[in-house]
Amino acid sequence: MNGLSVSELCCLFCCPPCPGRIAAKLAFLPPESTYSLVAEPELGAGAAPSGTLRASAGTPGRWKLHLTERADFQYSQRELDTIEVFQTKSARGNRISCMYVRCAPGARYTVLFSHGNAVDLGQMSSFYIGLGSRISCNVFSYDYSGYGVSSGKPSEKNLYADIDAAWQALRTSIEKVSKITSPVLIIHGTEDEVIDFSHGLALYERCPKAVEPLWVEGAGHNDIELYSQYLERLRRFISQELPSQRA
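- Looking up the chain in an unreviewed UniProt entry gives the name Alpha/beta hydrolase domain-containing protein 17A isoform X2, with the organism given as Galeopterus variegatus.

Structural data, given as structure tokens:
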């Protein structure tokens, strides 16, 4: 209680005099957000706002991550490009920000990380990269309601709903593919530095309608279309395999 003024004490205990809300005010310390999420169509060809780092156009997902200087990011643009961000909705109706950091090529496991108090995903991003690299795992994390750019207010009930929403989002990055009923062609570069080649293999193994895949030897994340077999395989898929599967 040290350092609280009379007005702050009145606000804490009298507005309103509800034990649950008093506990929430004492227990949760959301910081000023150190990042923002910007929908891809809004970015255009413009530069990132001054004082921010931005995930490049090669980053998957509907959203782009902008880190402010307060995030104190310790790595380069290349590491930033391994971070995927999106939002999911909790059972209590809040939009929960999620971060998926692909730290280790061929990682067999992903750590679901619930960060501590008084920080957000922007401040934790460097730690996640370092942690995942050291233990050879990918890292999935999220911001609690009222933290970062997650909507809502911090509370015990919201906290339980937040982690459940994060867990469900993590489980369904891969499970949805088994429900696809249309023919699917999977093309992946073996030297993809953003989305590891193992992810392409996992999708192919789980997709019931997958046709013969194309694994482009030596291709990375942003140059795969430069390989001649890329267009050749697409042409065969469109002209031969799609019509035959739909017949």
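1. A closer look at the pairing of strand β4 (residues 83-89)
Thought 1: Examined bridge by bridge, β4 and strand β5 (residues 95-101) share seven bridges and lie antiparallel to one another. Counterpart to K89 in the pairing with β5 is R95.
Thought 2: Remark: five residues form the turn of the hairpin made by β4 and β5, two consecutive strands paired antiparallel; G93 in that turn has positive phi of roughly 85°.

2. Focus on the sheet that holds strand β7 (residues 138-142)
Thought 1: Spatially, β4-β5-β7-β6 is the arrangement adopted by the four strands of the open sheet, whose pairing is mixed. Looking at strand neighbours, the two that pair on one side only are β4 and β6 (110-113), the edges of this open sheet. Mean inter-strand twist for the sheet, computed between neighbouring axes without regard to direction, equals 20°.
Thought 2: Relative to β7, β6 is paired through four bridges, and the arrangement is parallel. Paired with V111 across the strands is V139, a residue of β7.

3. Some thoughts on the environment of S145
Thought 1: Within the secondary structure, S145 sits in the loop between β7 and α6 (156-171).
Thought 2: Judged by relative accessible area, which is 0%, S145 ranks as buried.
Thought 3: Through-space distance from the C-alpha of S145 to that of R95 is 7.6 Å; in sequence the pair is 50 residues apart.
Thought 4: Here S145 is in contact with N94, I96, S150, S151, G152, K153, P154, N158 and D162, once residues within four sequence places are set aside.
Thought 5: Within polar-contact distance, the side chain of S145 engages the side chain of N94 at 3.0 Å.

4. As for helix α5 (residues 121-135)
Thought 1: With 15 residues, α5 extends 20 Å from end C-alpha to end C-alpha; this agrees with the ideal 21 Å at 1.5 Å per step.
Thought 2: Along α5, the helix axis deviates most sharply at F127, where the bend reaches about 30°.
Thought 3: All of the buried residues along α5 are L121, G122, M124, S125, S126, Y128, I129, G130 and G132.
Thought 4: Its side-chain oxygen at 3.2 Å from the backbone nitrogen of G122, D120 defines the N-terminal cap of α5.
Thought 5: Positive backbone phi, at 55°, marks S136, one or two positions downstream of α5.

About the thresholds
- Residues numbered from 1 in each chain as written.
- Predicted model: local features only at pLDDT ≥ 70, side-chain atom pairs only at ≥ 80, totals over all residues.
- Heavy atoms only, no water.
- Pairing = 2+ DSSP bridges.
- Helix = DSSP H or I, 4+ residues; strand = E, 2+ residues; numbered from the N terminus.
- Axes fitted to C-alpha atoms, helices over the stretch in contact; angles between N-to-C directions.
- Buried < 20%, exposed > 50% of the residue type's maximum accessible area, 1.4 Å probe, protein only.
- Contact = heavy atoms within 4.5 Å.
- Polar contact = N/O pair within 3.5 Å; in protein donor to acceptor, adjacent residues only side chain to side chain.
- Expected span 1.5 Å × (residues − 1).
- Bend = angle between axes of the 7 residues up to and from the residue.

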